[in-house]
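# Reading the structure
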Amino acid sequence: MPSVSLPDGSRRHFDASVSVLDVARDIGPGLAKAALAGKVDGRLVDVRHEITEDTDLAIVTDRDPEGVEIIRHSTAHLLAQAVKELFPSAQVTIGPVIENGFYYDFAFERAFTPDDLEKIEKRMRELAKADLPVERSVMERDEAVEHFRDMGEEYKAEIIASIPEGQDISLYRQGEFVDLCRGPHIPSTGRIKAFKLTKVAGAYWRGDSDNEMLQRIYGTAWPNKEQLNAYLEQLREAERRDHRRIGTELDLFSIQEDAGGGLVFWHPKGARIRRVIENFWFELHERAGYDFVVTPHIANLELWKTSGHADFYSDSMYEPMEDDNQSFQLKPMNCPFHVLVYKDRLHSYRDLPLRWGEMGTVYRREMSGALHGLMRVRGFTQDDAHIFCREDQIESEIIGVLELTLELLEAFGFKDFDIHLSTKPEDAVGSDAIWEHATDSLRSAIEKKGLDYTLDEGGGAFYGPKIDIKIRDAIGRQWQCSTVQLDFNLPERFDMEYVSESNERRRPIMIHRALFGSLERFFGVLIEHYAGLFPLWLAPVQLAILTITERQDPYAREVLAALRQKGLRVDADLRNEKIGFKIREHTLKRVPYLLVLGDREMETNTVAVRTRSGEDLGSMGLDALLSRLDAEIASRGN
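Since the model is a prediction, treat every value here as computed from it, not as a measurement. (Residues numbered from 1 in each chain as written. Predicted model: local features only at pLDDT ≥ 70, side-chain atom pairs only at ≥ 80, totals over all residues. Heavy atoms only, no water.)

### Describing the overall build of the protein
Defined as follows: For the purposes of this entry, the term helix denotes a DSSP run of H or I that reaches at least four residues, the term strand denotes a run of E that reaches at least two, and both are numbered from the N terminus. Think of it in three bands: residues with accessible area under 20% of the maximum for their type are buried, residues over 50% are exposed, and the middle band is partly exposed, with areas taken using a 1.4 Å probe on protein chains only. Contacts are assigned to residue pairs with any non-hydrogen atoms lying within 4.5 Å of each other. Here the open area of atoms and residues is found with the Shrake-Rupley method and a 1.4 Å probe, where only the protein chains shown may cover a residue. For the charge count, each Lys or Arg is scored as positive and each Asp or Glu as negative, with His and the chain ends excluded. Taken as the charge location is NZ of Lys, CZ of Arg, CG of Asp or CD of Glu.
A count of helices and strands for the protein gives 20 helices and 36 strands. Along the first, second and third principal axes, the C-alpha atoms of the protein reach 95 × 70 × 60 Å. In the protein, which comprises 638 residues, the share counted as buried stands at 51%. A separation threshold of at least 6 residues defines the contact pool for the protein, and within that pool the share at least 24 residues apart is 68%. Counting every atom, the protein has about 30400 Å² of accessible surface; 47% of that belongs to carbon and sulfur. Of the charged side chains in the protein, 81 are positive and 109 negative; the average position of the first set lies 6 Å away from that of the second.

### Regarding the environment of D251
Structurally, D251 is set in the loop between α8 (243-249) and β16 (253-255). According to the relative accessible area criterion, D251 is partly exposed, its value standing at 37%. Each C-alpha atom of the pair D251 and G183 lies 48 Å from the other, and the pair is 68 residues apart in sequence. Residues in contact with D251, not counting those within four places in the same chain, are H267, K269 and G270.

### Points about the sheet that holds strand β31 (residues 509-514)
Applied cut-off: Here the rule is simple: two strands pair whenever DSSP picks up at least two bridges between them. Axes here mean lines fitted to C-alpha atoms, for a helix over just the part in contact, with angles spanning 0 to 180 degrees between N-to-C directions.
Ordered in space as β18-β23-β24-β31-β28-β27-β25-β26, the eight strands form an open sheet in which the pairing is mixed. Looking along the sheet, the strands with just one partner apiece sit at the ends: β18 (291-292) and β26 (454-456). In this structure, strand β25 (residues 417-422) lies alongside β26, joined through three bridges in parallel fashion. The residue of β26 that forms the bridge with H420 is T454. Here helix α12 (residues 335-343) sits on the sheet and contacts β23 (354-363), β24 (379-389) and β31; the angle it forms with β24, its principal contact strand, is near 40 degrees. Together, β25, β26, β27 (466-472), β28 (478-487) and β31 form the strand contacts of helix α14 (residues 432-448), whose direction differs from that of β25 by roughly 165 degrees.

### Things to note about the sheet that holds strand β20 (residues 321-323)
Read across the open sheet, the three strands follow the order β19-β21-β20; overall the sheet is antiparallel. Across the chains shown, the open sheet's two edge strands, defined by having one partner strand only, are β19 (298-300) and β20. Along the sheet, successive strands turn relative to each other by an average axial angle of 35 degrees, direction set aside. Examined bridge by bridge, β20 and strand β21 (residues 326-330) share three bridges and lie antiparallel to one another.

### Re the nonpolar core
For clarity, the cut-off: For our purposes a nonpolar core is just a set of buried Ala, Val, Leu, Ile, Met, Phe, Trp, Tyr and Cys residues, chained together by side-chain atoms within 4.5 Å.
In this structure, I398, F412, I467, F534 and L538 are the most contacted members of the largest nonpolar core, which totals 66 residues. Per-element tally for this core: the top contributor is helix α13 (residues 394-411), with 10 residues. In this view, F412 contacts I277, F280, F516, F522, L526, H529, Y530, W537 and L538; residues no more than four positions away in its chain are not counted. Residues I70, L117, C181 and L197 belong to the second largest nonpolar core, which totals 35 residues.

### Concerning the pairing of strand β13 (residues 177-180)
Here β13 shows a buried face lined by F177 and D179 and a second buried face lined by V178 and L180. Bridge count between strand β12 (residues 168-174) and β13: four bridges; the pairing is antiparallel. Residue L171 lies in a different strand from β13, and its bridge partner there is L180. What sits between the antiparallel neighbours β12 and β13 is a turn of two residues, in which G175 has the positive phi angle 65 degrees.

### A short note on a negative patch on the surface
Rules: What goes into a patch is any residue over 30% in relative accessible area without a salt bridge, connected to like charges within 9 Å or, for nonpolar side chains (Val, Leu, Ile, Met, Phe, Trp, Tyr), within 5 Å. What makes a salt bridge here is a side-chain nitrogen of Lys or Arg within 4 Å of a carboxyl oxygen of Asp or Glu, nothing more.
Side chains of D41, E53, D54 and D56 sit close together on the surface and give a patch of like negative charge. Mapping D56 onto the fold places it in strand β7 (residues 55-60). Take D56: its relative accessible area is 46%, and that puts it in the partly exposed class.

### Looking at the pattern of salt bridges
A full pass over the atoms with the stated rule returns 51 salt bridges. The partner of R365 in a salt bridge is E319, with the nearest N and O atoms 3.2 Å apart. With R365 in the loop between β23 and β24 and E319 in the loop between α11 (309-312) and β20, this residue pair connects regions lying 46 residues apart in the sequence. Classification of R365 by relative accessible area gives partly exposed; the value is 32%. Close ionic contact of D432 with K424 constitutes a salt bridge, the shortest N to O distance being 2.3 Å. By relative accessible area, which is 56% here, D432 ends up exposed. Look at K424 and you get partly exposed, because its relative accessible area is 29%. By sharing partners, the salt bridges in this structure join E233, R236, E237, R240 and R241 into a single network.

### Points about the domain arrangement of the protein
Condition: The split into domains, and so the bounds of each, comes from an automatic or database assignment of domains.
Each domain of the protein was delimited in the assignment, giving domain 1 (3-61), domain 2 (74-240), domain 3 (253-295 + 334-530) and domain 4 (543-635). For domain 1 versus domain 3, the separation of C-alpha centres amounts to 43 Å.

### Quick word on the side chain of S482
The topology assignment puts S482 in strand β28. Those residues within four positions of S482 in sequence are excluded, and the remaining contacts are T405, L409, I467, D468, I469, A514 and L515.

### Some details on helix α6 (residues 154-161)
Since there are 3.6 residues in each turn of an α-helix, residues three or four apart along the chain are aligned in direction. Turning to α6, its buried residues are Y155, K156, A157, I159 and I160. Residues of α6 that are buried sit in contact with β8 (91-92), β10 (101-107), α5 (141-150), β12, β13 and β15 (213-222).

### Observations regarding the packing of α5 against α6
Just so we agree on the cut-off: Here is the rule for angles: anything less than 35 degrees is roughly parallel, anything more than 145 is roughly antiparallel, 65 through 115 is roughly perpendicular, and the remaining ranges are oblique.
Viewed as axis vectors pointing N to C, α5 and α6 meet at an angle of 170 degrees, and their least axial separation amounts to 8 Å. One way to sum up the angle between α5 and α6 is to call them roughly antiparallel. Two secondary-structure elements touch here, α5 through R141, A144, V145, F148 and R149 and α6 through E154, K156, A157, I160 and A161.

### Here we look at the packing of helix α9 (residues 268-287) against α13
Note the following rule: Left-handed describes a crossing whose near helix is turned anticlockwise from the far helix by less than a right angle; the clockwise case is right-handed. Under the scheme applied, nonpolar residues are Ala, Val, Leu, Ile, Met, Phe, Trp, Tyr, Cys and Pro; charged residues are Asp, Glu, Lys and Arg; polar residues are all the others, including Gly.
Put simply, α9 and α13 touch, their axes get as near as 11 Å, and they point 150 degrees apart. Our classification of the angle between α9 and α13 gives roughly antiparallel. The two elements α9 and α13 meet at a crossing, and its hand is right-handed. Counted together, F280, W281, L284, H285 and R287 of α9 and L404, E407, L408 and A411 of α13 form the full contact between these two elements. Tallied by class, residues from the contact of α9 with α13 come to six nonpolar, one polar and two charged.

### Remarks on the packing of aromatic side chains
What counts here: Two aromatic rings from Phe, Tyr or Trp, using only the six-membered ring of Trp, form a pair when their centres are within 6.5 Å; if the ring planes differ by under 30 degrees the pair is stacked, by over 60 it is edge-to-face, and anything between is tilted. A positively charged side chain is recorded as over a ring if its NZ (Lys) or CZ (Arg) lies within 6 Å of the ring centre. The angle to the ring normal must also be within 35 degrees.
Here the structure, examined in full by the defined rule, presents 27 aromatic pairs. Between F87 and F112, the aromatic rings sit 5.5 Å apart at their centres with planes inclined by 65 degrees, giving edge-to-face as the arrangement. With F87 in the loop between α3 (65-86) and β8 and F112 in the loop between β10 and α4 (114-129), the pair connects residues that are 25 residues apart, well separated along the chain. Relative accessible area serves as the criterion here: at 10%, F87 is assigned to the buried category. F112 gets classed as buried once you look at its relative accessible area, which sits at 7%. Taking the centre distance of 5.1 Å and the plane angle of 45 degrees together, the rings of F412 and W537 count as tilted. One end of the pair, F412, is in the loop between α13 and β25; the other, W537, is in the loop between α16 (519-530) and β32 (543-547), with 125 residues separating them in the sequence. Here F412 matches W537 in class, with each residue buried. Taken together through their ring pairs, the aromatic side chains of F280, F412, F414, F516, F522 and W537 make up a single cluster. If you follow R72 out to its NZ or CZ, it ends over the ring of W222, 4.3 Å from the centre.

Here is the structure:
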């Protein structure tokens with residue numbers, strides 16, 4: 001006689017075992033119709049799952065984030081079923097949920113074409129309309145291996161064979177299609193209402209470049225067509241804002257394949273913006289009490305062994321270089337270098353906290369297929385900083401980092417943040433006491449700043465709890481940006497010490513923090529956030545001087561010199577072109593202000609001012625113009 005506790009605090013009693021769907025029916029027909037799955041004592045299960053004992057139950061619908069994920073996972077199975085029906089020789093591999101969608105990897109003798117995607121999507125709609133029941137079954141591991149081998153699905157058989165012997169394997173069937181999956185899944189294919197296949201890309205089997213290349217079909221799925229259409233419009237807008245296209249149009253940066261993929265070349269205009277970003281970063285950090293260090297790009301292999309990177313991070317590091325009977329490697333991180341600076345002398349408790357920042361370029365090995373413009377590169381600059389402090393200083397230091405982070409991000413136009421606090425995982429270094437104290441300090445710092453946050457239980461790194469801050473851009477996309485990470489590992493590995501007030505040697509707490517994350521990636525996000533329409537303080541060219549005839553050239557040079565003397569980034573277009581052509585061209589270059597000079601402006605020592613949006617501000621003297629520009633730059637467009 002199970003008793004079921006519901007989220008509203010009510011309890012329902014049953015005379016015999018019941019399924020999740022039975023409970024939903026007992027509550028009401030509307031909920032039964034909407035039920036996609038259940039959460040039994042916090043564990044997601046199918047609606048057919050039998051409840052045999054007292055339990056806590058939540059019915060999952062498409063209004064729940066878990067419900068949307070289940071729809072997407074089930075749509076990935078629907079995709080695989082359609083592909084197998086249309087292309088029987090294709091082999092299925094894996095099909096997980098990803099942000100806003102799903103993908104499925106296939107082994108097939110030829111490339112899927114756009115026409116193929118249309119046929120696959122059409123068949124998926126037919127299968128969804130058929131409302132096929134989705135049923136779970138269990139099979140013993142070795143039996144499941146043979147089952148999939150008999151079906152010709154060698155990839156599935158390989159996955160199952162890698163599961164420990166003796167474990168039961170869960171399978172899901174819809175129609176004649178059977179797939180390996182732990183679930184849960186929707187009750188029937190008719191619950192899939194709104195989806196779209198978006199693209200095909202290559203992917204190595206199990207992510208290993210030594211393995212064969214598969215074809216990955218991406219798609220998106222949503223509870224209803226309205227949400228799907230809104231997302232597809234967001235994708236179209238994202239394409240219009242693509243930083244790679246805008247970066248080329250505005251001549252900001254390039255990836256030179258002759259030098260190797262994933263290496264960023266900052267062009268003069270892009271480098272101007274980078275310099276503004278870096279100067280602002282240094283200015284803010286100086287005010288917040290940071291000092292700065294500069295460290296090398298390579299280090300002896302022994303350093304990476306001491307730090308643990310040689311053991312745990314070697315796949316992302318470039319091969320060692322041999323010189324003078326020593327092995328050197330490009331740095332993938334700056335942390336060990338800052339530790340060495342700390343260890344150069346013994347510190348007292350009075351010295352702490354020490355806050356050291358660096359714009360440090362690091363290098364990480366990435367597969368060529370994973371590279372993507374500025375968002376995924378092989379060489380990038382981290383706005384890295386490390387704080388070395390005492391345990392009793394953790395909370396105040398975290399508050400300072402949060403204040404600095406929000407000030408920095410808000411200056412670049414980001415106002416909407418999602419904050420996640422990740423706690424101790426199962427395998428971790430450091431005592432329970434220090435983990436509890438550190439986690440409480442992070443939580444208290446967030447709450448004292450009045451910030452909402454999501455708790456990610458067990459999601460911390462093995463060496464300390466962390467705070468992740470995600471930003472939302474102008475079209476609602478979320479980007480992982482800032483990270484604040486406590487570290488109990490490196491101080492131990494490097495035997496870091498300070499002298500306490502009682503004259504004892506103690507370990508300092510090490511706080512890693514990067515506010516941009518990667519300067520290159522943050523710049524890519526900025527380009528897309530602003531669609532290249534940078535606010536005045538960031539614009540690579542803030543003003544363009546446009547002459548109507550060559551008679552104004554001497555005056556244009558005087559205005560150019562006067563404005564540059566004030567530190568403004570100004571170009572002068574003295575070409576023998578029509579003024580309308582010049583205005584259009586510099587508007588397309590997204591220059592914030594256009595200064596048109598004709599005979600009247602030259603005679604009155606004024607400039608005719610236009611904005612890139614086409615607004616005519618009329619004629620004004622340079623002093624009035626500078627006053628306007630100064631105010632706009634100081635506000636940073638906010």
